[in-house]
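Residues per chain are reported as follows:
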Amino acid sequence: MVKDDGVQGRARPFLQMLARLRALRPLDGSDDPDAGRASPFLIVVAVVLALLLAILAIDLNHAALQSLGLTGSAFSADPIFKSP
């Protein structure tokens, strides 16, 4: 008779994958003196992703920000000049 493990049954492949990844990684960083430093490319990627997230958040909430007066058009002009 097969017993349904529920959540544990679904999480088992994920846990096995984590165990394999941990086995590939050295346990302590004493072998490599630069193990504690982040690569410059990784920092650039993180900054670019953070900027993209900020742009998307502003774009998503543009109407709310405009109603508060926090954003405006790039070419704002006096309304008297916009009339026909």
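Residues numbered from 1 in each chain as written. Predicted model: local features only at pLDDT ≥ 70, side-chain atom pairs only at ≥ 80, totals over all residues. Heavy atoms only, no water.

## Some words on the overall build of the protein
A tally of helices and strands in the protein yields four helices and zero strands. Going from the N terminus to the C terminus, the protein shows its helices and strands as α-α-α-α. A buried classification covers 0% of the 84 residues belonging to the protein. Accessible surface, the protein as shown: approximately 8,300 Å² in total, 67% of it carbon and sulfur. (Helix = DSSP H or I, 4+ residues; strand = E, 2+ residues; numbered from the N terminus. Buried < 20%, exposed > 50% of the residue type's maximum accessible area, 1.4 Å probe, protein only. Areas by Shrake-Rupley, 256 points an atom, 1.4 Å probe, with all protein chains shown as cover.)

## A look at a nonpolar patch on the surface
A cluster of nonpolar residues, Phe-41, Val-44, Val-45, Val-48, Leu-49, Leu-52 and Ile-55, forms a patch on the protein surface that exposes about 670 Å² of accessible area. Here Val-44 is to be found in helix 2 (residues 40–60). Judged by its relative accessible area of 49%, Val-44 falls in the partly exposed class. (Patch = residues over 30% accessible without salt bridge, like charges linked within 9 Å, V, L, I, M, F, W, Y side chains within 5 Å. Salt bridge = Lys/Arg side-chain N within 4 Å of Asp/Glu carboxyl O.)

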